[in-house]
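# Tertiary structure, described
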Amino acid sequence: LQWSSPPEAIERFKSQEIWFAPPQFYELCRLCNFSSLHELHKFSSDRALEGCERWMPVMLTASDGYIQLLPGDQLYPEDPDYTGEKKITMSTDKKVEDLVKEGTEFHRIVIKNMNNLAVYVNIQAKYKHRNPLMINSDCSDYSSRL
C-alpha cells in the first residue's frame, strides 16, 4: 500500500502502475483543485451544509471510444435510465474528438481505452462544489500538492 497525492496517483495511472475506474479518475481530478490537505478540509467544512446531488453517468458509445455523460452535459438525456429497465443504448458513428469539437456544454469523461481517460467540464458546479480539473491521462497539467 502506498500513499499518493492526486497528481501522483494520476501519474501512476498514466504509467499503468495502477488502475482506477472513471469515477475515481474524475474525483482525483477534482482533488487536484486543492494544494494542501488544509485547503481541502477548509473547503469541505465551508460547503458541508450546501447539499449534494446524486447523479449517474450515461454511456455514449462513439466509433473510437466511449463517453460517460454526466448531468449538465448537452448530450445528457432529459430522462436517464437510472435502473437499466429501459435498455436504452446511446451510440453514434462519430469519433470522440468530433463530439468534443461540436460541443459547447461539457460534463463528461472520455474513455479512449482503459488507461486513456480525459475529463471535460465547463458547466457551473452545483452546491458550491468544485469542478474537476480537466485532465487528460495522456498529459500532465495540474498543481495539487495534496
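As a starting point, this report considers the structure included with it. Bear in mind that the values here come from a model prediction, so they are computed numbers and not experimental data.

Conventions we followed
- Residues numbered from 1 in each chain as written.
- Predicted model: local features only at pLDDT ≥ 70, side-chain atom pairs only at ≥ 80, totals over all residues.
- Heavy atoms only, no water.
- Helix = DSSP H or I, 4+ residues; strand = E, 2+ residues; numbered from the N terminus.
- Rg over C-alpha atoms; globule rule 2.2 N^0.38 Å.
- Buried < 20%, exposed > 50% of the residue type's maximum accessible area, 1.4 Å probe, protein only.
- Contact = heavy atoms within 4.5 Å.
- Areas by Shrake-Rupley, 256 points an atom, 1.4 Å probe, with all protein chains shown as cover.
- Lys, Arg positive; Asp, Glu negative; His and termini not counted.
- Charge placed at Lys NZ, Arg CZ, Asp CG, Glu CD.
- Pairing = 2+ DSSP bridges.

### Examining the overall build of the protein chain
If you tally the helices and strands in the protein chain, you get four helices and five strands. Traced from its N-terminal end to its C-terminal end, the protein chain shows the element sequence α-α-α-β-β-β-α-β-β. Over its C-alpha trace the protein chain gives a radius of gyration of 16 Å, about what one expects of a compact globule, namely 15 Å for 146 residues. C-alpha atoms of the protein chain, sized along the principal axes, occupy 45 × 40 × 30 Å. When the 146 residues of the protein chain are sorted by exposure, 39% land in the buried category. Considering only contacts within the protein chain whose residues lie at least 6 apart along the sequence, 59% involve residues at least 24 apart. About 9,200 Å² of surface is accessible on the protein chain, with carbon and sulfur atoms providing 52% of the total. Each charge class in the protein chain was averaged separately, 17 positive and 21 negative side chains, and the resulting centres sit 3 Å apart.

### Side note on the side chain of His107
As for its position among the elements, His107 is in strand β4 (residues 107-113). Beyond its immediate chain neighbours, meaning those up to four positions away, His107 contacts Tyr26, Trp55, Gln68, Leu69, Leu70, Pro71, Gly72, Asp73, Tyr120, Val121 and Ile123.

### Describing unusual backbone geometry
Look at Tyr127: it is not a glycine, yet its phi comes out positive at around 55°. With a relative accessible area of 36%, Tyr127 lands in the partly exposed category.

### Description of the sheet that holds β4
Taken in spatial order, the five strands of this open sheet run β3-β1-β2-β4-β5, and their pairing is mixed. Where the open sheet ends on each side, the last strands, each with one partner, are β3 (90-91) and β5 (116-121). Bridge count between strand β2 (residues 65-69) and β4: four bridges; the pairing is antiparallel. When the bridges of β4 are listed, Leu69 appears paired with Arg108.

### Considerations on the pairing of strand β1 (residues 58-62)
Here is the key point about a regular strand: its side chains alternate between the two faces of the sheet. What you see with β1 is a clean split: Val58, Leu60 and Ala62 sit on the buried side and Met59 and Thr61 on the side with no burial. Connecting the antiparallel pair β1 and β2 is a turn made up of two residues. Both β1 and β3 contribute to a ladder of two bridges, which runs parallel. Directly across from Leu60, in β3, lies its bridge partner Met90.

Just distances and angles here, no functional claims.
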